[in-house]
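Reading the structure
Okay, here's what each chain looks like letter by letter:
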Amino acid sequence: KQEFVNNFEQFDQESGDVTIICDGKEFKLLLSSQSPVFKAMFEVDSKENKENCVHIADCTPEAVEEFMFFLYNAMLRPAGFTSADLELMLGLVHLTSKYQVSVLMASCLDVLMDIMDVDNVLQIMVAVDKYQVAGIETVCEFMKENIAVIVIKEDWGEFVVNYPSLVKDLILDMNQEMIDIKDALKDKNIN
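Here we come to the packing of helix α4 (residues 61-73) against helix α5 (residues 86-98). The geometry of α4 relative to α5 is characterised by a closest axis approach of 8 Å and an angle of 60° between their N-to-C directions. Taken together, α4 and α5 sit at an angle that is classed as oblique. Between α4 and α5 lies a crossing of right-handed hand. On the side of α4, the interface is formed by Glu62, Ala63, Val64, Glu66 and Phe67, while α5 contributes Leu88, Gly91, Leu92, Leu95 and Thr96. Residues belonging to the contact of α4 with α5 are distributed by class as follows: 6 nonpolar, 2 polar and 2 charged.

As a further point, take the nonpolar core. Counting residues in each nonpolar core, the largest one holds 52 residues, and the members touching the most others are Phe38, Phe67, Tyr99, Leu112, Met143 and Phe159. Not counting residues within four places of it along the chain, the set of residues in contact with Tyr99 comprises Ser35, Pro36, Val37, Phe38, Met41, Val54, Ile56 and Phe67.

The next subject is the packing of aromatic side chains. Throughout the structure, instances matching the rule amount to 4 aromatic pairs. Relative to Phe159, the ring of Trp156 has its centre 5.6 Å away and its plane inclined at 35°; by these criteria the two rings are tilted. Of this pair, Trp156 and Phe159 both sit in helix α10 (residues 156-162), 3 residues apart, which is roughly one turn of the helix. Accessibility assignment for this pair places Trp156 and Phe159 in one class, buried. Pairwise contacts between aromatic rings join Phe38, Phe67 and Tyr99 into one cluster.

Conventions we followed
Residues numbered from 1 in each chain as written. Predicted model: local features only at pLDDT ≥ 70, side-chain atom pairs only at ≥ 80, totals over all residues. Heavy atoms only, no water. Axes fitted to C-alpha atoms, helices over the stretch in contact; angles between N-to-C directions. Helix = DSSP H or I, 4+ residues; strand = E, 2+ residues; numbered from the N terminus. Parallel < 35°, antiparallel > 145°, perpendicular 65-115°, else oblique. Left-handed = near helix turned anticlockwise from the far one by under 90°. Contact = heavy atoms within 4.5 Å. Nonpolar A, V, L, I, M, F, W, Y, C, P; charged D, E, K, R; others polar. Core = buried A, V, L, I, M, F, W, Y, C linked by side-chain atoms within 4.5 Å. Buried < 20%, exposed > 50% of the residue type's maximum accessible area, 1.4 Å probe, protein only. Phe/Tyr/Trp six-rings, centres within 6.5 Å; stacked < 30°, edge-to-face > 60°.

In short, geometric facts, not functional conclusions.
Structure below.
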């Protein structure tokens, strides 16, 4: 929270409020104080600066609304998230990455790890990899522990085809773990 407060204290008031529009729904906020992307956008002669408005077309209004809630309050809504909120959280991770609101990413990852289950772990793995955020080790461990269930899920085949490097990394990680176990057993038998 201190980083959030520091951002507001360093904020240049001349940048003022801006309107965010997503699918017809509007949000206003002092965006430049929390996002270097918004700050840069409003420091140059841009369409957004001239119109004092940013259109977001690559996310849902619900994700934008949660994003704005965080920017106003330095926290996610306290209502609690479930696996039913996966798309919302993935949208929030996208916005957090796109607008470089690093203080929000940790909260997003905490929620993703909390709601991770065998039905959504592949989507979470793809997002964690795509946005290059911490958490891939936790997702891999979860996948290894639940691999027998995950590989029979309907989306496994599509995951293998579309993300072969992630599958390769998972297999190599599992292989290394087996080698480490064998070596530990050898050492135990020698002693």
